[in-house]
Amino acid sequence: MRGPLVVKRALSEPLLLLAAFGSILLATTTLVALTMYASSIADAGVRRTMETASYRQTAATVSAPVTAETFPKFDRSVRAEFARAYTRPPAVTTSFRSDSYVMPGQDAHERPELLRFGSYDGLDRHARLVSGSWPHAGGDRVEAAISLSAASATGFKAGQEFTTKGRLDPRPVTVRIVGVFQLNDPFGERWAGEQLLSRGVERGEFTTYGPLMVARETFVARFATSVNATWTAVPDLRTLTPAQLRPLAGAIDQLGARLKADGCGSCVAASRLPEILTQLDTASLVARSTMLIPVLQLLLLAAYALMLTARLLADHRRMEVALLRSRGAGTVRLAALAGGEALLVAVPCAVVAPFLGPPLLALVNLLPWIRASGVRLAPSADLGTFLVSFGVALAAAVLLVLPALAGARRTYVEEQAARGRGGRGLIERAGADLALLVVAGLAIWQLQRYGAPVTATTAGGLGIDPLIISGPALALLTGGMLGLRLVPRVSKLAERVTSRRPALAPALGAWQVSRRPLKYAGPALLLTMAIAIGVVSMATASTWRASQADQARHQAGADLRLSGPPDGPELGALGRGTAFTALPGVTAYSPGFRGQSEVSGESALLLGLDAGKLGELFHLRADLSAQPVGELSRALVGDLAGKLDLPGQPSALTLRAEADGDLPLRLVLSDALGVWRDVSLGVLRKGENRIDVDLRALAGRTGKITYPLSLRGLVAGAPQSPANLTLTGLSADGREVATPPVSMKVTRPAAAGLAPLPKPGPLPVVLTADLAASLKLAVGQVGAASIDRRVLQVKVVGVVDSMPTTPAGQKAVLADWATLQTYELAAAQLPRPATEWWLAAGDTAPAVKALQTRPEWDVTALDQRRLAAELRDDPLASGLQGALMLGFAAALVFATLGFLVNATVAARERMGEFAILRALGVSPRQMFGVLAVEQAFVIGLSLVAGTGLAVVVGVLVVPHIVLTGQASAVTPGVVLDIPWAATAAMLTLVAAVLLAIVAGLARRLRGQHGQLVEER
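This structure is a prediction, so every number in the text was calculated from the model and none was measured. One numbering rule holds for all chains: residues counted from 1, following each sequence as written. pLDDT decides what is reported in this predicted model: residues at 70 or higher carry local features, side-chain atom pairs at 80 or more are listed and counted, and totals for whole chains, interfaces and linings draw on all residues regardless. Side-chain numbers here rest on the full set of heavy atoms in the structure, without hydrogens or water.

Digging into the overall build of the protein chain
Inference 1: Runs of E in the DSSP output that reach at least two residues are strands. Runs of H or I that reach at least four are helices, and both are numbered from the N terminus. Helices and strands together make up the secondary structure of the protein chain, namely 33 helices and 33 strands.
Inference 2: When burial is assessed residue by residue, the protein chain has 52% of its 1016 residues classed as buried.
Inference 3: Accessibility throughout is a Shrake-Rupley quantity obtained with a 1.4 Å probe, and a residue counts as covered only by protein chains that appear here. Summing over all exposed atoms, the protein chain offers an accessible surface of approximately 44100 Å²; the carbon and sulfur share of this is 57%. Summary of the burial criterion: residues with accessible area below 20% of their type's maximum are buried, those above 50% are exposed, and those between are partly exposed, where the area comes from a 1.4 Å probe applied to protein chains only.

Below, the structure is given as structure tokens:
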């Protein structure tokens, strides 16, 4: 009998039970979808990171000195430990480098050129044969293959034979070159530690060529004389899951210790993978925990919407429950009826929700940033999702039952007395909103302090801090509850204002709200929280997108930043700029020096750029500096060195100088692009000296010089005894060049300009704020600073919070390129090389594509637009945005549904009042006006309060939940971006929908009233 009674009782209030069903179904479906989403994003983020990780990030190496006798044992041990450490056995390659051997025919030379032999497993997979074949083991002669660059430098060809001897091993080795090969990617990360293999020649104290690559068996048998062997493991980590990250990191981290325990005491293991895996695990945890923020917001909103519906249902059944109570129904009986009714609504939702979650996530796949990342969310219902669904549904059922239980003990008389009782709400009377304010403030303070909702656990690991992740949700709830205190005050103010006007509808509507404020406080709080969640979600998404662009601009510094060695065989120091500035789409350029320096005992980044190009190149966010970039650009230019331009386009230069002692001398020159280069003139001997300089060599094999060339000065090294130097003549391509008289007496390193060399004043610099504070200098002040252990006067022309291209907390100095070079020349220092080129381009894609076709230029390109796309497409960084949008949509549906139910019930309850008003002559239009004023009060107050609350929460919370994909703080700092146009559109749309609901109710009431009149 109980079952049918429950069903019959439920059907007696179809509207409220339907609203409860909709709320529970929406809550369970959305929360199940968010749970699936968080798990899928974490998996996708780990998979994407591992798929795009570079060779250097994933490879693990073990190196040890080996001989022909020890290598087999070490090889077995290393391979076994690699297989043990990884979840799937990785691909392992072994490489060797031999001791030095003498170039053929140079045995008697005091400083002979050298050769090295080597071996690399699977080299044929990473290189192509230009001629000949790959070497094989066995035979009397050692078969070897040589790289194209080494063959060009040595003159060796396929089929050539020669004999060489080791500098440590006198046994002669007969070698036959069987092939010439070219690496597929000679400057890729795989060969970062193989400079000789990628370049073919190393020039230092000795010139070394090679390595001549031989088969592994040949190397072990003939060249393994306590030489270094390196085992490199490259795993396939594309199927790695978040749960496997920390165990794998720990296993790789212990690789060296296990090898030593296995008898390889000299084995040294190295890998960046443990650090990356640990960081990725933290990022995955932070991403999942951050996505709990919209989940908790939605939980609070859903709970309140259900409580509101349950309260309405309980209010409608007060008298019914009191009558049942008076007829002998006990508390257990009433609780069973309420519980059965709640389960009747909740259980179907719990069953259906896991199957509705995946289609809902299919809509999330349509979001632009999810589509751009390539992530496709296709989860399916599993045990975990059903547990979440039933847990949420059960909690919702409990919330439906609680108001019914609260009134189950009241008698009929008590219910009659309680009806219409006004006053403050229970929460307000108890001061719970103020207590929640304290808790929310503490949670947000912790979020701002720790920067993420993840903290260290007592066990030494990382865990989710429930207080931190609940902070934003508590702040929204607390703000909304505090806003309830405004309802009676604002309604009484509205009543006073409208009562003085002749119009009936506004006065009657305001009086109605003022008479029963708690009736309207519930819907107002629901709407306020929903609006606040919506605005905060939109602000977070907009702030995140703006932050990705800011990060990319800050990290790149310019539209396109090229870095690499300042000099190379293909493009020399004066050839690189010519090639780079001719790239398609380039509109502005600057050579630059960027490197670590010591500034007054502080480690800082020294950045030298052409100050005149900063306005076109330098990506400095406006709020990071009190001075605009244009002002900094003008202030950075200091004293500049003069120059002597060479006529025409000379390829050779001849200097004639007279010295009265041995004197090392270097010439400093520059090209039309502003690149400074020093050229060694050797050691001048006593008497007249003639030095010929091949200018074409400064451009490299395929590079071209951008003319005109300019001579800046001469830099003399410290002589063994004081010496005098006089420049007696200068010619370019045999044509004499008029020069000013240049002479100097040298007792220590000294410089002389080939044009007037000013005595420079203070060096204008821009400092980061932390470095300026350390030096105790402010804008406009001059003080002493030591740069690379050389004290000089600096003038601070600007202070920035963070310097482009620097990570968080990195101190930095910016100076004008030409001014900095002038200071170096005046101090008899060699000019700083152009380690980077900063380029401006409207579209960087053509330039990047052109660079990809020229790997021999040995340049690394950092493209600001591509970097922005990579940051935007990182699932771990962008995952929160999808969760916010899903929660935002659910919040608006909750608000609309709750408002509809409350407005409908309120209107239905007042049918009698409206009938009396109609009988007294109130027109239908006036009745609609009364209803509109009442509901417009709720709508207007909610929109204003929700927006204001969202701004406050956004300022306090949003900048601290926008993190990088590695779960670290963003550089430059996050700036809150509220999209006011989109927010206004959203508020207008919500107001229109809610007012349409009010209009529909008024029309329905008019129809019902007309029908009632006809029946009478």
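Still more to cover.
Here we look at a nonpolar patch on the surface
Inference 1: On the surface, a nonpolar cluster with roughly 840 Å² of combined accessible area is contributed by Leu343, Val347, Val351, Val352, Phe355, Leu356, Phe390, Leu394, Val398 and Leu402.
Inference 2: Looking at the nonpolar patch, the elements that each hand over two or more residues are α13 (331–364) and α15 (383–406).
Inference 3: Looking at the secondary structure, you find Val398 in helix α15. Patch membership requires more than 30% relative accessible area and the absence of a salt bridge. Residues of like charge join within 9 Å; the nonpolar side chains Val, Leu, Ile, Met, Phe, Trp and Tyr join within 5 Å. Salt bridges are defined as contacts in which a side-chain nitrogen from Lys or Arg sits within 4 Å of a carboxyl oxygen from Asp or Glu.

Concerning the environment of Leu123
Inference 1: Mapped onto the fold, Leu123 is located in the loop between β4 (114–120) and β5 (127–132).
Inference 2: Taking C-alpha positions, Leu123 is 9.5 Å from Thr93, a pair spaced 30 residues apart along the chain.
Inference 3: When residues no more than four places from it in sequence are discounted, the contact partners of Leu123 are Trp134, Phe181, Leu183, Trp191 and Met213. Note on definitions: a residue-residue contact is assigned when non-hydrogen atoms from the two residues lie within 4.5 Å.

Considering the environment of Thr35
Inference 1: Turning to its location among the elements, Thr35 is positioned in helix α2 (residues 14–52).
Inference 2: What makes Thr35 partly exposed here is its relative accessible area of 35%.
Inference 3: Remark: the alpha-carbon pair of Thr35 and Arg288, spanning 253 residues in sequence, is separated by 9.2 Å.
Inference 4: Any pair of N or O atoms that falls within 3.5 Å is considered a polar contact. Within protein, one atom must be able to donate a hydrogen and the other to accept it, and sequence-neighbouring residues count only if both atoms are side-chain atoms. At 2.8 Å, the side chain of Thr35 forms a polar contact with the backbone oxygen of Leu31.

Some points on the pattern of salt bridges
Inference 1: Under the definition given, this model contains 28 salt bridges.
Inference 2: Measuring nitrogen to oxygen at the nearest pair gives 2.4 Å for the salt bridge that ties Asp281 to Arg246. With Asp281 in helix α10 (residues 273–290) and Arg246 in helix α8 (residues 245–253), the pair connects residues that are 35 residues apart, well separated along the chain.
Inference 3: In this structure Asp281 comes out as buried when scored by relative accessible area, which is 14%.
Inference 4: A relative accessible area of 36% means that Arg246 is categorised as partly exposed.
Inference 5: One salt bridge connects Arg690 with Asp692, and the closest N-O pair in it is separated by 3.8 Å.
Inference 6: When its relative accessible area of 58% is taken as the criterion, Arg690 is described as exposed.
Inference 7: Ionic contacts of the salt-bridge type, sharing partners, join the residues Asp75, Arg79, Asp121 and Arg216 into one network.

Some thoughts on the packing of α8 against α10
Inference 1: Lines fitted to C-alpha atoms define the axes, with helix axes restricted to the stretch in contact, and inter-axis angles between N-to-C directions lie between 0 and 180 degrees. Their axes nearest at 8 Å, the elements α8 and α10 cross at an angle of 160 degrees. Classified by the interaxial angle, the pair formed by α8 and α10 is roughly antiparallel. In terms of crossing hand, the pair formed by α8 and α10 is left-handed. Contacts between α8 and α10 involve Leu245, Arg246, Leu248, Ala249, Ile252 and Asp253 on the former and, on the latter, Leu273, Pro274, Leu277, Thr278, Leu280, Asp281 and Thr282.
Inference 2: For the contact of α8 with α10, the class distribution of residues is eight nonpolar, two polar and three charged. Roughly parallel means an angle under 35 degrees; roughly antiparallel, over 145; roughly perpendicular, 65 to 115; everything else is oblique. Each crossing is labelled by how the near helix is turned from the far one, with a counterclockwise turn of less than a right angle marking it left-handed and a clockwise turn marking it right-handed. Polar here means any residue outside two lists: the nonpolar Ala, Val, Leu, Ile, Met, Phe, Trp, Tyr, Cys and Pro, and the charged Asp, Glu, Lys and Arg; Gly therefore counts as polar.

A look at the state of the cysteines
Inference 1: Two cysteine sulfur atoms make up a disulfide if the distance between them is within 2.5 Å. This structure, assessed with the given rule, holds one disulfide.
Inference 2: Between the sulfur atoms of Cys264 and its disulfide partner Cys267 the distance amounts to 1.6 Å. The disulfide joining Cys264 to Cys267 has a torsion of about 70 degrees about its S-S bond and is therefore right-handed. The exposure classification of Cys264 matches that of Cys267, with both residues buried.

Quick word on the environment of Trp838
Inference 1: Turning to its location among the elements, Trp838 is positioned in strand β32 (residues 836–841).
Inference 2: Looking at Trp838, the relative accessible area reads 0%, which means it is buried.
Inference 3: Along the chain, Trp838 and Lys613 lie 225 residues apart, while their C-alpha atoms are 9.6 Å from each other.
Inference 4: Other than its neighbours up to four places away in sequence, Trp838 contacts Gly557, Ala558, Leu560, Arg561, Ala588, Tyr589, Ser590, Leu607, Leu609, Leu617, Phe618 and Thr805.

With respect to helix α4 (residues 71–85)
Inference 1: The span expected for a helix works out to 1.5 Å for each residue beyond the first. The end-to-end C-alpha distance of α4 is 21 Å, a good match for the 21 Å that 15 residues give at a rise of 1.5 Å each.
Inference 2: The set of residues buried in α4 consists of Phe71, Phe74, Asp75, Ser77, Val78, Glu81, Phe82 and Ala85.

Observations regarding the packing of aromatic side chains
Inference 1: For Phe, Tyr and Trp, where Trp contributes only its six-membered ring, two rings pair if their centres lie within 6.5 Å, and the inter-plane angle classes them as stacked under 30 degrees, edge-to-face over 60, or tilted in between. The full count for this structure, using the stated rule, is 15 aromatic pairs.
Inference 2: Each ring, one from Phe82 and one from Tyr86, has its centre 6.4 Å from the other, and the planes form 40 degrees; the classification is tilted. Neither Phe82 nor Tyr86 differs from the other in exposure class; each is buried.
Inference 3: Members of the aromatic cluster, joined through ring pairs, are Phe71, Phe96, Tyr101, Phe117, Phe219, Phe223 and Trp231.
Inference 4: The rule is short: NZ of Lys or CZ of Arg within 6 Å of the ring centre and within 35 degrees of the ring normal puts a charge over the ring. The ring of Phe206 is capped by Arg167, whose NZ or CZ atom sits 4.9 Å from the centre of that ring.
Inference 5: Of note, Arg832 hangs over the ring of Phe593, and the distance from its end group to the ring centre comes to 5.0 Å.

Quick word on the side chain of Arg222
Inference 1: Locating Arg222 in the fold gives a position in helix α7 (residues 216–222).
Inference 2: You can call Arg222 buried: its relative accessible area is 15%.
Inference 3: Look past the residues within four positions of Arg222 in its chain and what remains in contact with it is Tyr101, Asp169, Arg171, Pro172 and Val173.

Here we look at the nonpolar core
Inference 1: With 136 residues, the main nonpolar core has Phe82, Tyr86, Leu212, Trp231, Leu277 and Phe899 as its most contacted residues.
Inference 2: Sort the elements by how many residues they give to this core and helix α22 (residues 517–556) lands first, with 14 residues.
Inference 3: Among residues more than four places away in sequence, those in contact with Phe82 are Ala60, Val62, Pro90, Val92, Trp231, Ala233 and Leu255. Buried Ala, Val, Leu, Ile, Met, Phe, Trp, Tyr and Cys residues that are joined via side-chain atoms within 4.5 Å together make up what is termed a nonpolar core.

Side note on α10
Inference 1: Here α10 is 18 residues long and its end C-alpha atoms lie 25 Å apart, about the 26 Å a rise of 1.5 Å per residue gives.
Inference 2: α10 sits mainly inside the fold: 14 of its 18 residues count as buried.

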